[in-house]
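Notes for the structure review
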Amino acid sequence: EKEIIKFSPISQSLKAPHFVIWIKGLLEEKYGSDFLMEKGLMVYTSLDWELQRAVEKTIKDRDKTNRSFGAYNSAAVVIDPKTGQILALAGSKDFFGESYPKDCLSGKDCFFEPQFNVALASRQPGSSFKPFVYAAAFENGHDDKTTVVDEQTSFGFWGDKEYIPQNYDGLFRGSVSLRQSLAQSLNIPSIKVLLWLAGLEDSVKTAQGMGLTTLSPPFGPSLVLGGYEVKLLEMVSAYGTFADNGLWYKPEPILRIEDNQGNIIERNQSFPKRVLSPRTATLINDILSDNEARAPIFGFNSVLSFPGLAVAVKTGTTQDYRDGWTIGYATSVVVGVWSGNNNNASILKEPGVSSAGPIFHEIMIKALSQRPGQKFSKTTPISGY
């Protein structure tokens, strides 16, 4: 009787699958699939395997809770802000789809698609976009003590509809500082910052200078509320600019490439680009790490709090609760998490801090255990660049 040998599916042995398949696509685009098949290349990537495993496990461990309030998928990216190197990337909660197709409705309308890479997809960022607008205002000479009035405001007609936005909690607070407004993610003051202090054009240029490539006109006041699509990978990279005091590195997944003879044919030689003044980065860092300023909305002991650690963080929730974001950083690492559904179904009115926040917190703790950060500077440089 012949012995029956069962082979494991090749796909199940693939490590960091979303990352690996993305790299494969980049190489095929540059060198051609025929060259790769015939000649072969040795590719050294920036991936931190221990951190990658921790990211994947954290997302999976959180899945049951997130599913309970309607968020069936999550993705995460971790970057070193001082090099732009991508340390971890998970494009969904499970590339191999253990719960797929159970997470689909009739007609294959799926809350969760295993192999679709959400880290590279365009999604609305909600209020996680706000720091770019405040950065533009600071570049224009304002600071965290500048005040605007939080009151019911009509911003006129944009398109065919009068724009009268509300804050998340429906309340008005009167005169607030830009520190309070950004830390508490107040919508009405933030639109005033966009239109009156930063300017639409400068805000867009600031975000684009920090690596956001998907913004496209016509632009309006919903820009500051995250109404224009971005990519998680690029958002994490952009936040790295704050972490590195205004220097931006292009996100880089490859360290070097060798041919089949061991000759180096490509080496990562990325250089930083000064896109914000140290003054602006220092202000953003100080506000986003100010747990006391954030507390009136989020409380003192939320998942955004890191006692004894210097961590700056911002959440985002899109209209109809379709996307939940939490992005933050220390001086040594940047972490971004998206939670939601591939089919754009709402997350049962749960904000980003509820769905993406716990995943972010655990990944950040793990990353800082490997890559300790330093305290953010409290001294705001007087000079610009």
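First things first, this report covers the structure right here in the doc. Here, residues in each chain are numbered from 1, in the same order as that chain's written sequence. For a predicted model such as this one, the threshold for reporting local features is a pLDDT of at least 70, and the threshold for listing and counting side-chain atom pairs is 80 or more; totals across whole chains, interfaces and linings nevertheless cover every residue. Derived side-chain values reflect all non-hydrogen atoms in the structure, with water molecules and hydrogen atoms excluded from consideration.

Pairing between strands is defined by DSSP: at least two bridges between the two strands are required. Note on conventions: DSSP H or I runs of at least 4 residues are helices, E runs of at least 2 residues are strands, and numbering of each starts at the N terminus. Taken together, five strands build an open sheet; the order of strands is β3-β2-β16-β15-β14 and the sheet is antiparallel. Pairing within the sheet leaves two strands with one partner each, and these edge strands are β3 (86–90) and β14 (312–317). When strand polarity is set aside, the average angle formed by the axes of neighbouring strands in this sheet is 10°. With seven bridges joining them, strand β2 (residues 73–79) and strand β16 (residues 334–340) adopt antiparallel strand pairing. Looking across to β16, one finds that N73 is bridged to G340. When checking whether two residues touch, look at their non-hydrogen atoms; a contact exists if any pair is within 4.5 Å. Structural elements are reduced to axes, namely lines fitted to C-alpha atoms, with helices fitted over the stretch in contact, and the angle between N-to-C directions of any two is expressed from 0 to 180 degrees. Sitting on the sheet, helix α8 (residues 232–243) touches β2, β3, β14, β15 (323–329) and β16, and the angle it makes with β16 is about 145°.

Here we come to the sheet that holds strand β12 (residues 264–267). Paired through backbone hydrogen bonds, the strands of a sheet run either parallel or antiparallel to each other. Here three strands make up an open sheet; going across it, the order is β1-β11-β12 and the pairing antiparallel. The sheet is open, and its two borders are formed by β1 (42–45) and β12, each paired with just one other strand. Sheet twist, expressed as the average angle between the axes of neighbouring strands with direction ignored, equals 15°. With three bridges connecting them, strand β11 (residues 254–258) and β12 associate as antiparallel partners. The partner of E258 across the bridge, within β12, is I264. Where helix α1 (residues 17–31) meets the sheet, its contacts fall on β1, β11 and β12, and the angle it forms with β11 comes to roughly 50°.

This next bit is on the environment of K108. Among the structural elements, K108 can be located in the loop between β3 and β4 (122–123). In contact with K108, not counting residues within four places along its chain, are Y100 and P101.

The next thing to look at is the state of the cysteines. Note that a disulfide, as used here, is simply two cysteine sulfur atoms within 2.5 Å. This structure, assessed with the given rule, holds one disulfide. Residue C104 pairs covalently with C110 via a disulfide, S to S 1.9 Å. One disulfide, between C104 and C110, carries an S-S torsion of 95° and so falls in the right-handed class. As far as the burial class goes, C104 and C110 line up, both buried. A simple rule labels every residue: compare its accessible area, found with a 1.4 Å probe on the protein chains alone, to the largest value its type can have, and call it buried under 20%, exposed over 50%, or partly exposed in between.

This part is about the packing of helix α4 (residues 130–139) against helix α7 (residues 200–209). Close contact between α4 and α7 brings their axes to 8 Å; oriented N to C, the two are set at 115°. As far as their axial angle goes, α7 and α4 are roughly perpendicular. Read as a crossing pair, α4 and α7 show a hand that is right-handed. Where α4 abuts α7, its residues F132, V133, A135 and A136 lie against D202, S203, T206 and A207. Amino acid classes used here: Ala, Val, Leu, Ile, Met, Phe, Trp, Tyr, Cys and Pro are nonpolar; Asp, Glu, Lys and Arg are charged; the rest, including Gly, are polar. Within the contact of α4 with α7, the residues separate by chemical class into five nonpolar, two polar and one charged. Under this scheme an angle from 65 to 115 degrees is roughly perpendicular, one under 35 degrees roughly parallel, and one over 145 degrees roughly antiparallel; angles in between are oblique. Handedness of a crossing is defined here by the sense of rotation of the near helix relative to the far one, left-handed for an anticlockwise turn of less than a right angle and right-handed for a clockwise turn.

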